[in-house]
Amino acid sequence: MTALLGLSSGAFAAPRISAQSIIVNPVETGPQVKVWVNRDPNGGGNPVYRKGEAIRVGVRTSQDAYVYLFNVNADGQIDLFFPNGYEAGENGRSNFVKANTNRVFPGAGADYSLSVGGPNGQDKLLALASTRELNIDDIARFAGEQGFAQVRLQGQDNLARALSVIVTPLPGDAWGTDVALFRVGNGGGNANAGGTTSTGTITETPNTVTPAPTTPAQPTQPVTQPAPTPQPTARIQPGQRQDGTFDQAMVEAYSRLQGEKSLGNATTYAVPWGDGWWQKFAGVGAYGQAILLHANGSSRSYAVHGRLLERYLALANAENGATRPPSRLGWAAGDEKVIPRNPYGTTGLYGFFQNGALYGTEKYGTFWLQGAVLKTYQGLGGSGSFLGFPTRDQYQIGGAWAADFEGGTIRTVNGVPKVYRK
């Protein structure tokens, strides 16, 4: 199952994805990496572990390299357990491994343990070694002081594709991969022991037990960690409610919006919100965190992302404690749009709602418009017109609505919106 296959070639070589969804480097001169589990030191078998058993993972590289260790189960759940916040190193998350040195995880005295979760089945460990540190933010990110990263992808195909994008700019001799297998079943043992068709996973557990003090004449005894309770591996699906039913409008919206690329994995079930439903998602890359909104009585669901979502929820929180949509905007009524460079060289985002709109730019911020002011603004061409993007929220002067823009102002005079250029 080694992924170090193929032909020698020049500096840059496109990675390929094998039939087993393993990212493969066709260049043989890159860093050779070897990964194994403690029950199979040669790394060529398929040993069996029981649920709750401790597991240790070893890695060795032929060159100094940055190493990334993933575990993938047959249901597609992915864990990144190295780098992590418990291993010693710069910033607490160093994944630099010296050449020809065996590294074992967890190491002696580590502040965490690795154990095998359930259910039974086939797991796959992937090691990626690179002579350059990689930016894997689109795959996994650390949140605050969290010891282990939150993985943003599901499925080994998606992982292989994401990794291939990350390593494509590297010279072919700058990276390499290897794979080790293990199964989760009834009773420990060697390759080809029993197991069912579903899969297990590696569970990372911070160590909180403090060893008892010892005298200098006695060696410190290792602390035995209790076997953790196996955690469920199923992911919440788009539109899934807690009772197992699905909001079909959300399911269709996730498909329409290519949710794997723009929304990411669901982080909550679809739950009631005001007079409708909402579901939160982790987001992908620059899109930021997201929600799907579905108003009761509507046949469609729409997404709100990133900075527009932050402002939308801030307005809801200020108005009603975020128990329902903000009245000045209401429910999302259209898909969010990216607005290309306007006459002032500004780009941004536009979100359309039942009662108003949000316009967001990095340059000015995110602001709401509604009513006659919004209708007049959009009638002129919106952010692509000479007015450009709004530079503040719509506001009142003498009881009448007004709004300021890059290139002018809209004022309501005797109930009639008037437009003024700068």
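The model shown is predicted, which means the values in this text are computed figures rather than measured ones.

Across its full length, the chain holds five helices and 27 strands. The buried share of the chain, taken over its 422 residues, is 48%. Residue pairs at least 24 apart in sequence account for 61% of intrachain contacts in the chain once pairs closer than 6 positions are excluded. For the chain, the computed accessible surface area is about 19900 Å², with 50% contributed by carbon and sulfur atoms.

Before going further, it helps to spend a moment on the pairing of strand β3 (residues 33-37). Within β3, four of the five residues are buried, which leaves it mostly tucked inside the rest of the structure. The sheet contact formed by β3 and strand β5 (residues 57-61) spans five bridges and is antiparallel. Paired with V37 across the bridge in β5 is V57.

In a regular helix each residue adds 1.5 Å, so 15 residues correspond to 21 Å; helix α4 (residues 306-320) covers 21 Å between its end C-alpha atoms and thus fits that length. Every buried residue of α4 is listed here: G306, L308, L309, R311, Y312, L315, A316 and N320. On the buried face of α4, the contacting elements are β16 (271-273), β18 (290-295), β19 (302-305), β21 (348-352), β22 (356-361) and β23 (365-370). Phi turns positive, to about 70 degrees, at G321, one or two residues after α4.

What follows covers the environment of V338. Mapping V338 onto the fold places it in strand β20 (residues 337-339). Classification of V338 as exposed rests on a relative accessible area of 67%. C-alpha of V338 to C-alpha of G351: the two residues are 13 residues apart in sequence and 9.1 Å apart in space. In this view, V338 contacts G348 and L349; residues no more than four positions away in its chain are not counted.

Moving on to helix α2 (residues 248-256). Those residues of α2 that fall on the buried side of the exposure criterion are A249, M250, A253 and Y254. For α2, the angular spread of the buried residues around the axis is 135 degrees, confining them to a single face. Capping of α2 at its N-terminal end is provided by D247; its side-chain oxygen lies 3.1 Å from the backbone amide nitrogen of A249. Of the residues trailing α2, Q258 is marked for its positive phi of about 50 degrees.

With that out of the way, let us pick up the pattern of salt bridges. Pairing is possible between side chains of opposite charge, provided their charged atoms come close. Applying the stated criterion across every chain, the model contains nine salt bridges. One salt bridge connects D64 with K98, and the closest N-O pair in it is separated by 3.5 Å. Residue D64 is found in the loop between β5 and β6 (65-73), and its partner K98 is found in the loop between β8 (96-97) and β9 (103-105); the two are separated by 34 residues along the sequence. Look at the salt bridges and you will find they share partners, linking R39, R50 and E53 into a network.

Right, let's talk about the sheet that holds β16 for a bit. Spatially, four strands are ordered β16-β17-β18-β19 in an open sheet, and the strand pairing comes out antiparallel. Both edges of this open sheet fall to β16 and β19, since each of them pairs with a single strand only. Between one strand and the next, the sheet's axes are offset by a mean angle of 35 degrees, whatever the strand orientation. Bridging between β16 and strand β17 (residues 276-281) involves three bridges; their strand directions are antiparallel. For V271, the partnering residue across the bridge sits in β17 and is W278. Where α2 meets the sheet, its contacts fall on β17, β18 and β19, and the angle it forms with β18 comes to roughly 135 degrees. Of the strands in this sheet, β16, β17, β18 and β19 are in contact with α4, which crosses β19 at around 95 degrees.

Now for the sheet that holds β5. In spatial order, the strands read β3-β5-β9; together these three strands make up an open sheet with antiparallel pairing. Every other strand in the sheet has two partners, leaving β3 and β9 as the edge strands with one partner each. If you compare each strand with its neighbour and ignore which way they point, the axes differ by 20 degrees on average.

Definitions and cut-offs
- Residues numbered from 1 in each chain as written.
- Predicted model: local features only at pLDDT ≥ 70, side-chain atom pairs only at ≥ 80, totals over all residues.
- Heavy atoms only, no water.
- Helix = DSSP H or I, 4+ residues; strand = E, 2+ residues; numbered from the N terminus.
- Buried < 20%, exposed > 50% of the residue type's maximum accessible area, 1.4 Å probe, protein only.
- Contact = heavy atoms within 4.5 Å.
- Areas by Shrake-Rupley, 256 points an atom, 1.4 Å probe, with all protein chains shown as cover.
- Pairing = 2+ DSSP bridges.
- Expected span 1.5 Å × (residues − 1).
- Arc of directions from axis to C-beta.
- Polar contact = N/O pair within 3.5 Å; in protein donor to acceptor, adjacent residues only side chain to side chain.
- Salt bridge = Lys/Arg side-chain N within 4 Å of Asp/Glu carboxyl O.
- Axes fitted to C-alpha atoms, helices over the stretch in contact; angles between N-to-C directions.

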